[in-house]
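Each chain, letter by letter, is given below.
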Amino acid sequence: MGQFLNLTVLVTVLVLTTVGTAYSGSFKEEFDLTWGEHRGKIFSGGKMLSLSLDRVSGSGFKSKKEYLFGRIDMQLKLVAGNSAGTVTAYYLSSEGPTHDEIDFEFLGNETGKPYVLHTNVFAQGKGNREQQFYLWFDPTKNFHTYSLVWRPQHIIFMVDNVPIRVFNNAEQLGVPFPKKQPMRIYSSLWNADDWATRGGLVKTDWSKAPFTAYYRGFNAAACTVSSGSSFCDPKFRSTFADGESQVPNELNAYGRRRLRWVQKYFMIYDYCSDLKRFPQGFPPECRRSRV
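Residues numbered from 1 in each chain as written. Predicted model: local features only at pLDDT ≥ 70, side-chain atom pairs only at ≥ 80, totals over all residues. Heavy atoms only, no water.

Taken as a whole and assessed by the stated rule, the structure comprises 9 salt bridges. When the shortest N-O distance is used, the salt bridge between Asp54 and Arg39 registers 3.0 Å. Of the two residues, Asp54 is situated in the loop between β3 (48-53) and β4 (59-63) and Arg39 in the loop between β1 (31-35) and β2 (40-43); the sequence distance between them amounts to 15 residues. The residues Asp54 and Arg39 share a single accessibility class, namely buried. Note that Glu171 is salt-bridged to Lys179, the shortest N-O span being 3.0 Å. Since its relative accessible area comes to 33%, Glu171 is described here as partly exposed. In the salt-bridge network here, residues are joined through shared partners; they are Glu37, Arg39 and Asp54. (Salt bridge = Lys/Arg side-chain N within 4 Å of Asp/Glu carboxyl O. Helix = DSSP H or I, 4+ residues; strand = E, 2+ residues; numbered from the N terminus. Buried < 20%, exposed > 50% of the residue type's maximum accessible area, 1.4 Å probe, protein only.)

Next comes the structure, spelled out in structure tokens:
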């Protein structure tokens, strides 16, 4: 497996990657710090953001814009050292009881043990579509790029441009899919030691606080929605010309191989394989959950 770990030679795995990530949006212009008082900070002229958690409170931010389809990239460097009990969440979400949501959640762990990357998709208020992974690198040592590609046909979760999960639109099977509600980008760092690490067995060590996660390299090649009208970034629109008539699967052969590699070696939970949870049969979208 070692030959696969050298990901520095990755070639393009998606047609959509032609949008690029050269432009990094300013956190001052694109986001609001929403809670946690001084625990959230924007610095380096708006190019960097950090969230911290201590015994009193965590912190969070959200985007000023709402998005309806696109590619969202963010570089994160996660809480280092003993991060057990902490959760760093980075996700898209609308509002209300029938909200849509697309989640990355990073579940902290004891020093030297791997983070768990938890993913989920909500549509019309219903989630329970979890897949979990270990990462093939230490996400606390350097920044890594976590991307969401959201289209009417599917949602692709990517790490450093490597696809780790594809959630296809299965509305024809009666499965709701998030495609009508604009969503904002959110992130938060908070204490969840009742469940986050080994089901709550390992508690947060407050002597290690404050816990801090860092953000940079935000880029959105997407359609934004404001006051009932929408604008699509030309970089995104150029890959989206035919709308829903496009071929649903954008992954090329190399991308499909990378997806299978991640799911074979690093996936640790898939709701579509949980017989105890679904003794009467798996949800209908599970028939299309793999590429």
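Back to the write-up after that little detour.
Next up on the list: the packing of aromatic side chains. Scanning the model with the defined rule gives 20 aromatic pairs in all. Relative to Phe218, the ring of Phe31 has its centre 4.8 Å away and its plane inclined at 75°; by these criteria the two rings are edge-to-face. Of this pair, Phe31 sits in strand β1 while Phe218 sits in strand β14 (residues 211-226), and the two are 187 residues apart along the sequence. For the pair formed by Phe31 and Phe218, the shared burial category is buried. For the pair Phe104 and Phe157, a centre-to-centre distance of 5.5 Å together with 90° between the ring planes defines the contact as edge-to-face. Separated by 53 residues along the polypeptide, Phe104 in strand β7 (residues 101-107) and Phe157 in strand β11 (residues 154-159) bring together distant segments of the chain. Each member of the pair, Phe104 together with Phe157, is buried. Connected via pairs of aromatic rings, a cluster forms that spans Phe27, Phe31, Phe61, Tyr215 and Phe218. Lying over the aromatic face of Tyr214, Lys77 brings its terminal NZ or CZ to 5.8 Å of the ring centre. A cation over an aromatic ring shows up here: Arg258 above the ring of Trp261, its NZ or CZ 4.4 Å from the ring centre. (Phe/Tyr/Trp six-rings, centres within 6.5 Å; stacked < 30°, edge-to-face > 60°. Lys NZ or Arg CZ within 6 Å of the ring centre and 35° of its normal.)

Geometric values such as these leave the question of function open.
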